[in-house]
Amino acid sequence: MIITLKNIVKEEDLILLRTNLEKENISFINLPGDNLNLYLSGNISKLDKKSLLAYPFIEKVTALTSPLRKVSRVLQPEDVIIRIGNLDVGQKNRVIIIAGPCAVESREQILLIAEKAKELGADMLRGGAYKPRTSPYAFRGLEEEGIRLLSEAGKKYNLPVVSELTTADNIDLFTKYVDLIQIGSRNMQNYELLKAVGKVNKPILLKRGYAATVEEWLLAAEYIMNEGNQNVILCERGIRTFENATRNTLDLSAVPLIKEISPLPIIVDPSHGTGKWSLVEPMSLAAIASGADGLIIEIHQDPEHALSDGGQSLTLENFTKLMKKGKLVAHALDKELGHD
Ligand code: PEP
Ligand code: MN
């Protein structure tokens, strides 16, 4: 609920209003702008709108029709910048690049990919260790060992690391070794997991559920932020539609749409978004043009023999080409991509 004050409001009026509302377990904050709009939270369901209008200094009372609160630009109009190590995600003039294998497969593999990713200009290293695979018989990751290897590779090449957390039982392991905790598409509506990472002092990469609307996705972010953790980066990774020529339908319109609604950074995953390596470069360029704050890309030294998602992973050569073209598109928009 939002209260709009008349211009005549005095300090003592506000103190009286605050005291009266506090008795009903309601608090308010000033919305950014002219200080005439107050955002009420707490026990507002029982609040009588008419009783508020009885105050002579209240102009109007507006019930919010959208359930979006903390994720919305209404409460936070300025872009949110999220710091991961020395990296700032969400800056207007930067496109960050996260690259790495779908899954950490071995020490040699992750060290080699980390070295190349760094050399080719990536800002962060990805690598799954707890893989939620559709088939229980597929490779499901090296688990704790994979997290340790990812962390070792990230430290060696000075790249912050991101990996997917699938259960709250592993939170201590992830807070120790991982710089950005990923919540995968399949778990976007696992509300207990969302609440658990909301209590953690680490940024969260929240992937869009493959059957989630933009509003459901933002409400999932709201679950995290409600527990205290305000550092949420959104990731568009495609949704399931009737189209089956691609693995998912990458919804790039979600990028500018989210930018209108929410101040949170948004990055794009064209690898899971398309499922085909040949589509990753064009969709990456389109994602940059759409205003994405970054990309997360699967790369592999030998995609044909990758233990998971080889068909959508770029070779190191193709990743090199993508970085080159990506810089051109980013520069056309006055942005820097990756690091030099
Ligand atoms: C991943 O990034 O490794 C992954 C499994 O992605 P998603 O949750 O988007 O399917
Ligand atoms: Mn994958």
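Computed from a predicted structure; not experimentally measured.

With that settled, the discussion passes to the pairing of strand 14 (residues 294-298). Where burial is concerned, most of strand 14 is hidden: 5 out of the 5 residues are buried. As judged from the 5 bridges shared by strand 7 (residues 94-100) and strand 14, these two strands associate in the parallel manner. Paired with Gly-100 across the strands is Glu-298, a residue of strand 14. Inspection of the sheet shows strand 13 (residues 266-268) paired to strand 14 by 2 bridges, in the parallel sense. Note that in strand 14 the partner of Ile-267 across the bridge is Gly-294.

Strands sit in the order 2-3-1-4 across an open sheet of 4 strands; the sheet is antiparallel. Of all strands in the sheet, those bounded by a partner on one side alone are strand 2 (26-30) and strand 4 (58-62). Put simply, the sheet's adjacent strands are angled 25 degrees from each other on average, direction ignored. With 3 bridges connecting them, strand 1 (residues 2-5) and strand 3 (residues 37-42) associate as antiparallel partners. Considered in strand 3, the bridge of Ile-2 is made with Tyr-39. Helix 1 (residues 11-23) rests against strand 1, strand 2, strand 3 and strand 4 of the sheet, and its axis sits at about 145 degrees to strand 2.

Our next topic: the nonpolar core. With 87 residues, the main nonpolar core has Leu-206, Leu-234, Ile-299 and Phe-319 as its most contacted residues. When residues of this core are assigned to their parent elements, the largest contribution, 7 residues, is made by helix 7 (residues 214-226). Every residue in contact with Phe-319, bar those within four places of it in the chain, is listed here: Ile-97, Ala-99, Leu-120, Ala-122, Ile-299 and Leu-314. Listed in part, the 16 residues of the second largest apolar core include Ile-3, Leu-36, Leu-47 and Tyr-55.

Rules and cut-offs
Residues numbered from 1 in each chain as written. Chains lettered and ligands numbered in written order. Predicted model: local features only at pLDDT ≥ 70, side-chain atom pairs only at ≥ 80, totals over all residues. Heavy atoms only, no water. Buried < 20%, exposed > 50% of the residue type's maximum accessible area, 1.4 Å probe, protein only. Helix = DSSP H or I, 4+ residues; strand = E, 2+ residues; numbered from the N terminus. Pairing = 2+ DSSP bridges. Axes fitted to C-alpha atoms, helices over the stretch in contact; angles between N-to-C directions. Contact = heavy atoms within 4.5 Å. Core = buried A, V, L, I, M, F, W, Y, C linked by side-chain atoms within 4.5 Å.

Scope: geometric values only; no functional claims are made or implied.
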